[in-house]
Amino acid sequence: MSPKPSCAPLAAPAAAPRKAPRAWPPANALIGATLLMALILLALLGLLWTPFDPLRIDLLSRLQAPSAVHWLGTDEFGRDVFSRLLIGARTSLWISLLAVSCAVCAGTVIGMLAGYLRGWTDRLLMMFNDALLAFPGILMALGIMAIIGASQYGIVLALGIAYTPSVVRVVRGSVLSLRELEFIEASRVIGNSELYTMFRHIAPNCLAPLCVLATSMFGWALLSESALSFLGLGVPPPAATWGNMLASSRPYIASASWLGIFPGLFICLALLAINLFGDALRDRLDPRMRK
């Protein structure tokens, strides 16, 4: 006699465990954004208030160690180091922002023209761009500064030219991957001009890689400005930047170490903040990093 078939319901297959979504913003984004906002607030504070006049010379107070009166000490001319750091933050961050803005604007236009128009326009623009890429950015900036002279807007122009080729490469690569997609073809079919199609449909889709590159370039520009000022080709004294404050501290590194420690610390904190925030932004905007 054959056994009766069981009427018990079959067990449902176990569902695959779902991964918890990644929290946004992550810790590195919060730390980077907090540090960056603190530095920006310090730069804005320098516009409104400083404990002492950053340009006032007081030889009776020269090379004083940090104290309750001068929080970060005084330099070789008796000027308050904290006041000069506030003014230097405004100058250094402003120069970096202007340089990155110039590079992004010029590089976006050139990269879109090269990637979208193709043909002889692409070959001519990219030949010139590759020639600029052959030079290291800091070396090109040094050469430009040696020609036009040391000034605040001279260093903006030099860094903007030095970093434009990198933006051109990134934007051109994005445009080449977008120009053959269906919505671009549809824009052409309905009669939109090439200029309208580029700036209305292609440019917004290039923003993600461009934002990631711009955050990285901001750190490069800040470091390059400090290096050029350290070499004497940046903003000329008595104007304060973090780079020329470091340069002026070299003869006193053993006897008055605070003159070099505090500007160097501010530069390190700014670079740390920008790198942390840039990495988090890349993870957020790059689809390949979301896994």
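Computed from a prediction, not measured in an experiment: that's the story for all the values here. Residue numbers here run from 1 along each chain, matching the order of that chain's written sequence. Local features in a predicted model are, by the rule used here, given only for residues with pLDDT of at least 70; side-chain atom pairs are given and counted only at 80 or more, and totals for whole chains, interfaces and linings are based on all residues. The basis for every side-chain value is the complete set of non-hydrogen atoms in the structure, without hydrogens or water.

Participant: I would appreciate a short explanation of the packing of helix 6 (residues 182-189) against helix 7 (residues 194-202) in the present structure.
Facilitator: Two quantities define a packed helix pair, namely the angle between the axes and the distance from one axis to the other. To get an axis, fit a line to the C-alpha atoms, keeping to the stretch in contact for a helix; angles then go from 0 to 180 degrees between the N-to-C directions. Here a helix means four or more residues in a row that DSSP labels H or I, a strand means two or more in a row labelled E, and each is numbered from the N terminus. Running from amino to carboxyl end, helix 6 crosses helix 7 at an angle of 145°, the nearest separation of the two axes being 10 Å. Remark: the crossing between helix 6 and helix 7 carries right-handed chirality. In this structure, helix 6 contributes Phe-183, Ile-184, Ser-187 and Arg-188 to the contact, and helix 7 contributes Glu-194, Thr-197, His-201 and Ile-202. Side-chain classes are defined by residue name, with Ala, Val, Leu, Ile, Met, Phe, Trp, Tyr, Cys and Pro counting as nonpolar, Asp, Glu, Lys and Arg as charged, and the others, Gly among them, as polar. In terms of residue class, the contact of helix 6 with helix 7 is built from three nonpolar, three polar and two charged. When the near helix sits turned anticlockwise from the far one by under a right angle, the crossing is termed left-handed; a clockwise turn instead gives a right-handed crossing. The contact definition used throughout considers only heavy atoms, calling two residues in contact when any of these lie within 4.5 Å.

Participant: Even after reading the chapter, I still don't get the pattern of salt bridges, so can you show me in this structure?
Facilitator: Close approach of charged atoms lets side chains of opposite charge pair. A side-chain nitrogen of Lys or Arg and a carboxyl oxygen of Asp or Glu constitute a salt bridge if their distance falls within 4 Å. Across all of its chains, the model carries seven salt bridges by this definition. Between Arg-118 and Asp-122 there is a salt bridge whose closest N-O contact spans 3.9 Å. With a 1.4 Å probe rolled over the protein chains alone, any residue whose accessible area is under 20% of its type maximum counts as buried; one over 50% counts as exposed, and the rest are partly exposed. Relative accessible area serves as the criterion here: at 7%, Asp-122 is assigned to the buried category. A cluster of three or more residues bridged by salt bridges with shared partners is formed by Asp-75, Arg-79 and Arg-84.

Participant: When you look at the environment of Ile-184 in this model, what are you seeing that I'm missing?
Facilitator: Along the polypeptide, Ile-184 turns up in helix 6. Sequence separation of Ile-184 and Ile-202 is 18 residues, and the distance between their C-alpha atoms is 7.8 Å. Excluding residues that lie within four positions of it along the chain, Ile-184 makes contacts with Tyr-116, Leu-178, Arg-179, Thr-197, His-201 and Ile-202.

Participant: Explanation requested: the packing of aromatic side chains in the structure shown.
Facilitator: For any pair of aromatic rings, geometry is given as the distance between the ring centres together with the angle between the planes. Stacked, tilted and edge-to-face are the three classes applied to pairs of Phe, Tyr and Trp rings, where Trp contributes its six-membered ring and a pair requires centres within 6.5 Å; stacked means planes under 30 degrees apart, edge-to-face means over 60, and tilted covers the rest. Inspection of every chain in the model, using the stated rule, returns three aromatic pairs. Relative to Trp-220, the ring of Tyr-163 lies with its centre 6.0 Å away and its plane at 50°, an arrangement referred to as tilted. Of this pair, Tyr-163 sits in helix 5 (residues 152-178) while Trp-220 sits in helix 8 (residues 207-230), and the two are 57 residues apart along the sequence. Since its relative accessible area comes to 8%, Tyr-163 is described here as buried. Its relative accessible area of 39% is what places Trp-220 among the partly exposed residues. Aromatic side chains Trp-242 and Phe-266 sit 5.7 Å apart centroid to centroid with 65° between the ring planes, which places their arrangement in the edge-to-face category. With Trp-242 in helix 9 (residues 242-248) and Phe-266 in helix 10 (residues 258-285), this residue pair connects regions lying 24 residues apart in the sequence.

Participant: Any chance you could explain the UniProt feature "transmembrane region" (unreviewed entry) in the protein chain here in plain terms?
Facilitator: The residues that UniProt annotates with the feature "transmembrane region" (unreviewed entry) are residues 27-49, 93-117, 124-147, 202-223 and 258-281. Strand forms 0% of residues 27-49 and helix 96%; the C-alpha atoms that close the span are 32 Å apart. UniProt positions are given in the numbering used here, feature names are shortened, and annotations may be inferred rather than shown by experiment.

Participant: Mind showing me how you'd approach unusual backbone geometry here?
Facilitator: Pro-237 connects to Pro-238 through a cis peptide bond whose omega is 10°. Tracing the chain through its elements places Pro-238 in the loop between helix 8 and helix 9. Of note in this structure, Leu-63 is not a glycine but carries a positive phi near 55°. Mapped onto the elements, Leu-63 comes out in the loop between helix 1 (27-48) and helix 2 (81-117). One non-glycine residue with positive phi stands out, namely Arg-118, at about 55°. Tracing the backbone through its elements, the reader meets Arg-118 in the loop between helix 2 and helix 3 (119-133).

Participant: How do you make sense of the confidence of the model for the protein chain when you look at a structure like this?
Facilitator: The predicted coordinates ought not to be read in detail in places where the model reports low pLDDT. The share of residues in the protein chain with pLDDT of 70 or more is 89%, and the mean pLDDT across the chain is 84. In predicted models, pLDDT denotes the confidence assigned by the predictor to each residue on a 0 to 100 scale. Confidence drops under pLDDT 50 across residues 4-12; counting only partners more than four residues distant or on other chains, this segment forms zero contacts.

Participant: Honestly, the packing of helix 4 (residues 137-148) against helix 5 in this entry has me stumped. Any pointers?
Facilitator: It is the contact of helix 4 with helix 5, at a shortest axis distance of 8 Å, that shows an interaxial angle of 145°. When the axes of helix 4 and helix 5 are compared, the crossing they make is right-handed. Contact with helix 4, carried on its side by Gly-137, Met-140, Ala-141, Ile-144, Met-145 and Ile-148, involves Gly-154, Ile-155, Leu-157, Ala-158, Leu-159, Ile-161 and Ala-162 of helix 5 and no other residues of that element. Of the residues in the contact of helix 4 with helix 5, the class split is 11 nonpolar, two polar and no charged.

Participant: Is there a simple way to think about helix 1 in this case?
Facilitator: In an α-helix, one turn spans 3.6 residues; hence positions three or four apart end up facing the same way. With 22 residues, helix 1 ought to run about 32 Å at 1.5 Å a step, and its terminal C-alpha atoms sit 32 Å apart, in line with that. The secondary structure elements touched by the buried residues of helix 1 are helix 2, helix 9 and helix 10. Expected helix span is taken as 1.5 Å per residue step, with the number of steps being one fewer than the number of residues.

Participant: How should the nonpolar core be read in this particular structure?
Facilitator: Soluble, globular proteins show a tendency: their nonpolar side chains are buried together. Core analysis: the largest hydrophobic core is formed by 54 residues, its most contacted members being Leu-85, Leu-159, Ile-202 and Trp-242. Elements represented by at least two residues in this core include exactly helix 1, helix 2, helix 4, helix 5, helix 7, helix 8, helix 9 and helix 10. When residues in this core are grouped by element, the largest group, 13 residues, is from helix 2. Once residues lying within four places of it in the same chain are set aside, the contact partners of Leu-85 are Leu-72, Trp-242, Met-245, Phe-262, Pro-263 and Phe-266. We call a set of buried residues a nonpolar core when its members are Ala, Val, Leu, Ile, Met, Phe, Trp, Tyr or Cys and they connect through side-chain atoms within 4.5 Å of each other.

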